[in-house]
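Observations on chain architecture
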Amino acid sequence: MRLVSAAGARLRRAAEEEEREPPPPPPPSHHSNHQFASMKNKFFNELTHLPNHKLKLPMWAVGAIVVVVLALIACMGFCIYKKCVNKGKKPKKVRERKGGRGRRKKDKDGEEGDEKKEGEEGKEEEEKEFFGKLEYSLDYNFTDNQLIVGIIQAQDLPAMDMGGTSDPYVKVYFLPDKKKKFETKVQRKNLCPVFNETFSFKIPFNDLAGQTLVLQVFDFDRFGKHDVIGEIKIPMNSIDLGQPIHEWKDLVGGEKEEQEKLGDICISLRYVPTAGKLTVNIMEAKNLKKMDVGGLSDPFVKVVLQHNGKRLKKKKTSVKQNTLNPYFNESFSFEIPFSQIQKVQVLITVYDYDKLGSNDAIGKAWIGYGASGVGLRHWSDMLANPRRPVAQWHTLQPEEEVDAALKAPIR
């Protein structure tokens, strides 16, 4: 009986505990979810259709909200643009920077390589540069103490003029004194000129050893400086003059000898057309070249009158002793008809007088037909001012250069 009563008591306690616990909520049903969604949509629809006074928002707040929203949209758009459109720009710049250093290094290396190549090519060109060649002869006459230099011909001279030709002539002289110089005739527009000219130097055989013979080929230019084409230098102590020498030699590029200052001379010209009378007044000279051992000269002036290249008359001034700035003031008159005056040439040569030997030319000036520069202008001024003396200073030129210009055909 006790067992039955205890089991009954347990059953009653379990029943009371079950009554005390709340029942679990029922599982949500599909119907309840549908109701929630409909209520939410209804709420938002009502909210959007409410007028502004029901929302209780002022107009400035609405405007501020719109501005903020637009700003956010603009920022988002800018970020998208930077990300999408300029996606590969920064890496490209980095690559360019990295590549730039490499390129600069390569460029420097390339420039150094190019300079080396150009230097090597320049050396090769200098080594390969060809100035033509000259045929000449040397023959010493022991009886007369004369060295006879023959200038025969030249070949393959480089073109120095714009037309692809040259006007070559050869200058022959000795170093170091340069006292006596000879020149061949100018061969017009010829790269393989034939000269066939000989020149004699009266030099004792014992004095030849310390001298050097120079054969210098020039391109003649009537209106400018004559350009050096090439030259040959022959030390006289290196050759055997016991027998005649006849040979070809390649020309070597040489610089033109510096133009030494020979001095200036003042000349006055006067022409009277009606009388056909030309008066040349040798007035004075200054800064003449020193020709004597004492550092002075004994100058005098020779005046030669030519017509169309033919010599007509010549006159000489007195000799002025031991001076480089002589004053002459000596006049010479020539009878020249007006019909011939246009083609008259006046050649003025200043000499250093030598009692024992030949007179050495200091310098020369050319006035009149075929002259250029001051010589032509002085002549034109004289013709434009008849019966009036016209004075002009002239710079003396080397005698051989003026003679070469006179030999060239007048254009």
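Residues numbered from 1 in each chain as written. Predicted model: local features only at pLDDT ≥ 70, side-chain atom pairs only at ≥ 80, totals over all residues. Heavy atoms only, no water.

When its secondary structure is counted, the chain shows seven helices and 16 strands. Across the 411 residues in the chain, those meeting the buried criterion constitute 31%. Taking as baseline every contact in the chain between residues at least 6 positions apart, the subset at least 24 positions apart corresponds to 64%. Accessible surface, the chain as shown: approximately 27200 Å² in total, 54% of it carbon and sulfur. (Helix = DSSP H or I, 4+ residues; strand = E, 2+ residues; numbered from the N terminus. Buried < 20%, exposed > 50% of the residue type's maximum accessible area, 1.4 Å probe, protein only. Contact = heavy atoms within 4.5 Å. Areas by Shrake-Rupley, 256 points an atom, 1.4 Å probe, with all protein chains shown as cover.)

The topology assignment puts I239 in the loop between β7 (227-235) and β8 (245-250). On the basis of relative accessible area, I239 is assigned to the partly exposed category, the value being 24%. Expressed as a C-alpha distance, the spacing of I239 and A209, which sit 30 residues apart in the sequence, is 9.5 Å.

Note on helix geometry: an α-helix contains 3.6 residues per turn, so any two residues three or four positions apart are oriented the same way. Regarding helix α6 (residues 374-384), the residues found buried are G375, H378, W379 and M382. One side of α6 carries all its buried residues, which in axial view fall inside an arc of 95 degrees. The inward-facing, buried residues of α6 contact β9 (264-272), β10 (277-286), β14 (344-352), β15 (360-368) and β16 (390-395). (Arc of directions from axis to C-beta.)

With that settled, consider the pattern of salt bridges. Applying the stated criterion across every chain yields a total of four salt bridges. D167 is the salt-bridge partner of R188, the closest N and O atoms lying 3.7 Å from each other. With R188 in the loop between β4 (181-183) and β5 (194-202) and D167 in the loop between β2 (146-155) and β3 (168-175), this pair connects stretches of sequence that are 21 residues apart. E400 serves as the salt-bridge partner of K181, at 3.7 Å between the closest nitrogen and oxygen. On the criterion of sequence distance, the pair formed by K181 in strand β4 and E400 in helix α7 (residues 399-407) is long-range, its members being 219 residues apart. Across this residue pair, the class does not change: K181 and E400 are buried. (Salt bridge = Lys/Arg side-chain N within 4 Å of Asp/Glu carboxyl O.)

Most of β9 sits inside the fold, with eight of its nine residues counted as buried. Both β9 and β10 contribute to a ladder of nine bridges, which runs antiparallel. Among the inter-strand pairings, I265 is bridged to a residue of β10, identified as A285. Taking the residues between adjacent antiparallel strands as the criterion, β9 and β10 are bridged by four residues, where G276 takes a positive phi near 65 degrees. Across six bridges, the pairing between β9 and β16 is antiparallel. Bridging from a neighbouring strand, I267 pairs with Q392 of β16. (Pairing = 2+ DSSP bridges.)

This part takes up the pairing of β3. Within β3, seven of the eight residues are buried, which leaves it mostly tucked inside the rest of the structure. Relative to strand β6 (residues 212-219), β3 is paired through eight bridges, and the arrangement is antiparallel. Its bridge partner being in β6, P168 is matched across the sheet by D219. Here β3 pairs with β4 via three bridges, running antiparallel. Looking at β4, one finds that K171 is bridged to E183. In textbook terms, the turn of a hairpin is the stretch between consecutive antiparallel strands, and for β3 and β4 this stretch comprises five residues, one of which, K178, has a positive phi near 60 degrees.

Bringing the sheet that holds strand β12 (residues 310-316) into the picture now. Within a beta sheet, neighbouring strands are joined by backbone hydrogen bonds and run either parallel or antiparallel to one another. Pairing is antiparallel in the open sheet, where four strands are placed in the order β12-β11-β14-β15. The sheet is open, and its two borders are formed by β12 and β15, each paired with just one other strand. Within the sheet, the average angular offset between the axes of one strand and its neighbour, ignoring direction, is 20 degrees. As judged from the eight bridges shared by β14 and β15, these two strands associate in the antiparallel manner. (Axes fitted to C-alpha atoms, helices over the stretch in contact; angles between N-to-C directions.)

Attention shifts here to the packing of aromatic side chains. With the rule as written, the count across this model stands at eight aromatic pairs. With 4.8 Å between their ring centres and 75 degrees between their planes, Y140 and F142 make a pair best called edge-to-face. Look at F142 and F205: their rings are 5.1 Å apart centre to centre, the planes differ by 45 degrees, and that puts the pair in the tilted class. Placement of F142 in the loop between β1 (133-141) and β2 and of F205 in the loop between β5 and β6 is noted, with a sequence separation of 63 residues between them. Judged by its relative accessible area of 46%, F142 is partly exposed. Of the residues examined, F205 reaches a relative accessible area of 38% and is grouped as partly exposed. Taken together, the ring pairs connect F174, F182, F199 and F201 into an aromatic cluster. The ring of Y173 is capped by K181, whose NZ or CZ atom sits 5.2 Å from the centre of that ring. Here the guanidinium or amino end of K286 rests over the ring plane of W393, the centre of that ring lying 4.4 Å away. (Phe/Tyr/Trp six-rings, centres within 6.5 Å; stacked < 30°, edge-to-face > 60°. Lys NZ or Arg CZ within 6 Å of the ring centre and 35° of its normal.)

Burial in α7 covers these residues: E400, E401, V402, A404 and A405. Its buried side turned inward, α7 meets β3, β4 and β15.

To continue, consider a nonpolar patch on the surface. Nonpolar side chains collect at one region of the surface, where V62, I65, V66, V69, L70 and I73 lie side by side and expose about 500 Å² of accessible area between them. Counting through the fold element by element, V66 comes out in helix α4 (residues 59-84). (Patch = residues over 30% accessible without salt bridge, like charges linked within 9 Å, V, L, I, M, F, W, Y side chains within 5 Å.)

Read these as spatial facts, not as claims about activity.
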